[in-house]
Amino acid sequence: MTEKSFRDVEYNYKFINERIAEAAEKSGRKREDITFLAATKTVDPAVINHAISLGLDHIGENRVQELLSKYEAYDLSRCSLQFIGHLQTNKVRQIVDKVDLIQSVDSVKLAREISNQSVKRGKKTDILVEVNIGREENKSGVFEENLEELLCQIAELEGISVKGLMTIPPICENEHKISKYFYNMHKLFIDISEKKLDNVSMNILSMGMSADFYEAILEGANMVRIGSALFGARNYT
């Protein structure tokens, strides 16, 4: 089963990279301008490490306990580990010294705890701020009209460095609708970039997953989070 998983990952990794390169070229950029982050929820570390051996250099976990249970098994000598899921403030101390970047920060409370725990460890933690671009009540993320205020508050924290934005738009039935969300998110990203806020560098726009990363890149994403397209469908029960 592991051998088949390895072969599947090899095929999928090559195909995804070809699609990323194609979308990058269509958007006026190069393949190396786009970061391919593998979402590794429920994936065995052996399979993750095989993907790393192929050239994958960014992985992201959604759950703190899973990250901790797999941490020693990751091959992090040539790969960046990020936290990409919803993070509770009481779990920050468990991962702040283990990840290179925390995505999905959407409140001053969470940012302050990340800052406090980072200062205790003598480091500054890179983060992305999550935007709820679809204004969905059941999703985390700040509404766009509150983004600048949140960024200014977070930017004052000693142990935080804002590196960009991320979003997970609503599920859409066609490419046009999803592309519109990505377009609006990119516009917001550019607007914030042009304000040149202190301690806020808009280097990363993380949007697009397995079903829509191509459209996300066309609309300006420079980081995509891909799980099932690389590792296959997974059982989350």
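Right above here is the structure, for reference.
The notes below deal with the structure included here. Everything numeric here is computed off the predicted structure, so don't read it as measured data.

Structural notes on the overall build of the chain
Counting secondary structure elements, the chain contains nine helices and eight strands. Each principal axis of the C-alpha atoms in the chain carries an extent, and together these give about 50 × 40 × 35 Å. A total of 237 residues make up the chain; the buried ones form 50% of that total. For the chain, the computed accessible surface area is about 11,700 Å², with 47% contributed by carbon and sulfur atoms.

Section: the packing of helix α1 (residues 2-26) against helix α2 (residues 45-54)
One can describe the packing of α1 onto α2 by two numbers: an axis separation of 10 Å at closest approach and a directional angle of 40 degrees. Relative to α2, the element α1 lies oblique. Classified by chirality, the crossing of α2 by α1 is right-handed. The segment α1 lies against α2, with S5, F6, V9, E10 and Y13 engaging A46, V47, H50, A51 and L54. Grouping the constituent residues of the contact of α1 with α2 by class yields seven nonpolar, two polar and one charged.

Here we look at unusual backbone geometry
You will see that S104, though not glycine, has its phi angle at about 70 degrees, which is positive. Of note, S104 is situated in strand β4 (residues 101-105). S104 sits in the buried class, given a relative accessible area of 3%. A positive phi is found at R135, a non-glycine position, where the angle reads about 55 degrees. Within the fold, R135 resides in the loop between β5 (125-130) and α6 (147-155).

Topic: the pairing of strand β3 (residues 80-83)
As a general feature of sheets, a regular strand has side chains that alternate between the two faces. In β3, alternate side chains face the same way, and those of S80 and Q82 on one face and L81 and F83 on the other are all buried. The sheet contact formed by strand β2 (residues 58-61) and β3 spans four bridges and is parallel. Paired with G60 across the bridge in β3 is Q82. Each parallel crossover has a hand, and the one from β2 via helix α3 (residues 64-70) to β3 is right-handed. Relative to β4, β3 is paired through two bridges, and the arrangement is parallel. Within β4, the residue paired with Q82 across the bridge is L101.

Quick word on the side chain of E66
Relative to the helices and strands, E66 resides in helix α3. Beyond its immediate sequence surroundings of up to four residues, E66 is in contact with T40, K41, T42, V43, E61 and Y74.

Focus: the pattern of salt bridges
Within this structure, the stated rule accounts for 11 salt bridges. Across the pair D97 and K98 runs a salt bridge whose closest N-O atoms are separated by 3.6 Å. Using a relative accessible area of 44% as the deciding quantity, one classes D97 as partly exposed. Look at the salt bridges and you will find they share partners, linking E61, E66 and K70 into a network.

Points about the packing of aromatic side chains
Per the stated rule, a full pass over the model turns up two aromatic pairs. Ring geometry for Y13 against F36: centres 5.7 Å apart, planes inclined by 25 degrees, an arrangement best described as stacked. Within this pair, whereas Y13 is found in helix α1, its partner F36 is found in strand β1 (residues 35-39), the two being separated by 23 residues in sequence. By relative accessible area, F36 is classed as buried at 3%. Against the face of Y214 rests R19, its NZ or CZ located 3.9 Å from the ring centre. Positioned above the aromatic ring of Y71, the side-chain terminus of K98 is 5.6 Å from the ring centre.

Cut-offs and rules
- Residues numbered from 1 in each chain as written.
- Predicted model: local features only at pLDDT ≥ 70, side-chain atom pairs only at ≥ 80, totals over all residues.
- Heavy atoms only, no water.
- Helix = DSSP H or I, 4+ residues; strand = E, 2+ residues; numbered from the N terminus.
- Buried < 20%, exposed > 50% of the residue type's maximum accessible area, 1.4 Å probe, protein only.
- Areas by Shrake-Rupley, 256 points an atom, 1.4 Å probe, with all protein chains shown as cover.
- Axes fitted to C-alpha atoms, helices over the stretch in contact; angles between N-to-C directions.
- Parallel < 35°, antiparallel > 145°, perpendicular 65-115°, else oblique.
- Left-handed = near helix turned anticlockwise from the far one by under 90°.
- Contact = heavy atoms within 4.5 Å.
- Nonpolar A, V, L, I, M, F, W, Y, C, P; charged D, E, K, R; others polar.
- Pairing = 2+ DSSP bridges.
- Right-handed = clockwise from strand over helix to strand, strands pointing away.
- Salt bridge = Lys/Arg side-chain N within 4 Å of Asp/Glu carboxyl O.
- Phe/Tyr/Trp six-rings, centres within 6.5 Å; stacked < 30°, edge-to-face > 60°.
- Lys NZ or Arg CZ within 6 Å of the ring centre and 35° of its normal.

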